[in-house]
Amino acid sequence: MSATPAPGSLDEPALKELIAGELGAVRDRSLGLTTGALEEAELTAQVSPLMSPLVWDLAHVGNYEELWLLRAAAGVEPMRPEIDGLYDAFEHPRAERPSLPLLPPGEARAYISAVRARVLDSLGSVRFDPADPLTSGGFVYGMVVQHEHQHDETMLATHQLRKGAPALFDPPGEAPRAAGPGADTPDGEVLVAAGPFEMGTSGDPWAYDNERPGHLVDLPAYYIDVEPVTNAAYIAFMEAGGYGEPGLWDPRGWEWRCRSGKRAPAFWSRDGAGHWVRRRFGRTEPVPLTEPVQHVCWYEADAYARWAGKRLPTEAEWEKAARWDPAAGRSRRYPWGEVYEPGRANLGQRMLRPAETGSYASGASAYGVRRLLGDVWEWTSSDFHGYPGFRSFPYREYSEVFFGPEYKVLRGGSWATHPLAVRGTFRNWDYPIRRQIFAGFRCARTADEAAGGTA
């Protein structure tokens, strides 16, 4: 994967060429997650009420593509209007989907292939009208590509929940490591000075409505961890009795902890010798101490931060540490600059796991904070709300219906997130009890709190 220019930097012919390539790349990824050694029964089964059958995700991305790229953008007559309700995520919650008359795997593949052929045929004639927010800058095409990548990450979470034979095999690549003395043990936290920064975006043509508009946010000084919290650090919290101390937990989190009986991240257990092991895509392996902890919910992250004498960062603190360049006085699209470069972040299934501490040092932000994109989604302390001046587009069900205190914001993407589906402004959200997602965290604290402690 080479460096990818920002969509806003391309003229219409080059942008259409990029779109065609990205449509092909995301479909290869989707088919790779739903073919191979998988039997039809594995595609139609539901491994958890939290997840859809894999075949639902497969047909859903094709139906979404038909709705937006053929009917809305190209004005093409509906191909399969009778299945719209089956693949409407709001009409049927995940727990109900296995009982629906879903397209079987072969028919689902034929349908999404037929949709894609018509999309590519119509792409040349569709005009990217600057006055039409749906097509301006190729927005609707970027939305559809990102949507499919997001479902691919959901399918990876489904594969992780599957038990039995391994669903996936590790790619051969390894993470670029930091070089030089002390590269593997960077300073624990850095100071982000007080002052305003631009949060969100008004100019990124493929940004979602919840990333808009760009606006100034003035923050007091704070410290933020250079790296995400590791498995070793989280084990120290566990061994210190963190799961047994109610004073560390949000009251709702303590109720969840007691009701669920959880005492470790999801997919962890002890082997016969008492060592921590984890199940990862059907195989059991020792917990790697220097990787970021993942598969922890917000309540677990919040309890750890309290135990460590810190807190979770707000999403504004996370974004300032990731995007703001104090020397240039502007926000970047990525922590390192404006163009995505694959050697700077563990994204896009380069590996089927987080990288070790010290990896991807070239992806650090202007403040020296590392691995803000990739590896693990990072829980923040913030509830999910729209920015000042928010306008829902192109449909309320993408963002607006989720606004409120029930959802916590996650930032930065994971190893399973495709680069096209994440940037410094991208916002994810989920219930604070969710653990099947590839989520971890880093900690922060305000500067006056840190003044009396250790850095």
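Draft legend 1. Up close: the overall build of the chain. Helix and strand counts for the chain stand at ten helices and 14 strands. Relative to its length of 455 residues, the chain is compact, with a C-alpha radius of gyration of 22 Å against a globular reference of 23 Å. The 455 residues of the chain split such that 56% are buried. Counted over contacts in the chain with a minimum sequence separation of 6, partners at least 24 positions apart contribute 77%.

Draft legend 2. Seen up close, the sheet that holds strand β11 (residues 404-411). Taken in spatial order, the four strands line up as β12-β11-β10-β13 in an open sheet, and their pairing is mixed. Sheet topology places β12 (428-430) and β13 (439-440) at the edges, where each strand pairs with a single neighbour. Alignment of strand β10 (residues 377-384) against β11, held across four bridges, turns out to be antiparallel. Bridging across to β11, F384 finds its partner in G404. This element, helix α9 (residues 315-323), spans β10 and β11 of the sheet and lies at about 135° to β10.

Draft legend 3. Here's a closer look at unusual backbone geometry. With an omega of -10°, the peptide bond between R212 and P213 qualifies as cis. With respect to the secondary-structure elements, P213 resides in the loop between β2 (195-199) and β3 (215-219). A cis amide bond, omega -5°, links F393 with the succeeding residue P394. Position of P394 relative to the elements: it lies in the loop between β10 and β11. At Q349, a position not held by glycine, the phi torsion is positive, near 60°. Here Q349 is to be found in the loop between β9 (330-331) and β10. Residue class for Q349 comes out buried when judged on its relative accessible area of 19%.

Draft legend 4. Representation of the pattern of salt bridges. For the coordinates displayed, the defined rule picks out 39 salt bridges. With its nearest N and O atoms 3.1 Å apart, the salt bridge here joins E189 to K310. With E189 in strand β1 (residues 189-192) and K310 in the loop between α8 (298-307) and α9, the pair connects residues that are 121 residues apart, well separated along the chain. Overlapping salt bridges bring together R278, R280, E285, E291 and R353 as one network.

Draft legend 5. Up close: the sheet that holds strand β5 (residues 268-270). Across the sheet, three strands lie side by side as β5-β6-β7; this open sheet has antiparallel pairing. Two strands lie at the open edges of the sheet, namely β5 and β7 (283-286), each paired on one side alone. The sheet shows a mean angle of 35° between the axes of neighbouring strands, taken without regard to direction.

Draft legend 6. Representation of the environment of K262 within the structure. Within the secondary structure, K262 is located in the loop between α7 (251-260) and β5. Judged by relative accessible area, K262 falls into the partly exposed class, the value being 32%. Spatially, the C-alpha atom of K262 lies 8.1 Å from that of Y243, the residues being 19 residues apart in sequence. For K262, the residues in contact, after removing those within four places along its chain, are Y243, W256, R257 and R435.

Draft legend 7. Expanded view of the side chain of E189. What makes E189 buried here is its relative accessible area of 8%. There is a polar contact of 2.8 Å between the side chain of E189 and the side chain of R445.

Draft legend 8. Quick peek at the packing of helix α6 (residues 231-239) against α8. Their axes nearest at 11 Å, the elements α6 and α8 cross at an angle of 80°. One way to sum up the angle between α6 and α8 is to call them roughly perpendicular. Between α6 and α8, the residues in contact are A233, Y234, A236 and F237 and E300, A303, Y304 and W307, respectively. Class assignment of the residues belonging to the contact of α6 with α8 gives a composition of seven nonpolar, no polar and one charged.

Draft legend 9. Highlighting the nonpolar core. Ranked by internal contacts, the top residues of the largest apolar core, which has 118 residues, are Y141, Y234, F237, W379 and F441. Residues within four places of Y234 in sequence aside, it is in contact with V229, Y243, P265, V293, V296, E300, Y304 and F441.

Draft legend 10. Looking closely at the confidence of the model for the chain. With 94% of its residues at a pLDDT of 70 or more, the chain shows a mean pLDDT of 92. Counted against residues more than four places away or in other chains, residues 450-455, with its pLDDT under 50, gives seven contacts.

Draft legend 11. Spatial organisation of the pairing of β2. Burial of β2 is one-sided: the residues G195, F197 and M199 facing one way are buried, the residues P196 and E198 facing the other way are not. Here β2 runs beside β3; their pairing, made up of five bridges, is antiparallel. Residue pairing in the sheet places M199 in a bridge with H215 of β3.

Draft legend 12. Main features of the environment of E315. Structurally, E315 is set in helix α9. The spatial distance from the C-alpha of E315 to the C-alpha of M199 is 9.7 Å, given a sequence separation of 116 residues.

Draft legend 13. Region of interest: the pairing of β10. Buried residues dominate β10, accounting for six of its eight residues. Bridge analysis of β10 against β13 gives two bridges, and the strand direction is parallel. Residue pairing across strands places W377 opposite A439, the latter belonging to β13.

So, how was this worked out
Residues numbered from 1 in each chain as written. Predicted model: local features only at pLDDT ≥ 70, side-chain atom pairs only at ≥ 80, totals over all residues. Heavy atoms only, no water. Helix = DSSP H or I, 4+ residues; strand = E, 2+ residues; numbered from the N terminus. Rg over C-alpha atoms; globule rule 2.2 N^0.38 Å. Buried < 20%, exposed > 50% of the residue type's maximum accessible area, 1.4 Å probe, protein only. Contact = heavy atoms within 4.5 Å. Pairing = 2+ DSSP bridges. Axes fitted to C-alpha atoms, helices over the stretch in contact; angles between N-to-C directions. Salt bridge = Lys/Arg side-chain N within 4 Å of Asp/Glu carboxyl O. Polar contact = N/O pair within 3.5 Å; in protein donor to acceptor, adjacent residues only side chain to side chain. Parallel < 35°, antiparallel > 145°, perpendicular 65-115°, else oblique. Nonpolar A, V, L, I, M, F, W, Y, C, P; charged D, E, K, R; others polar. Core = buried A, V, L, I, M, F, W, Y, C linked by side-chain atoms within 4.5 Å. pLDDT = per-residue confidence, 0-100.

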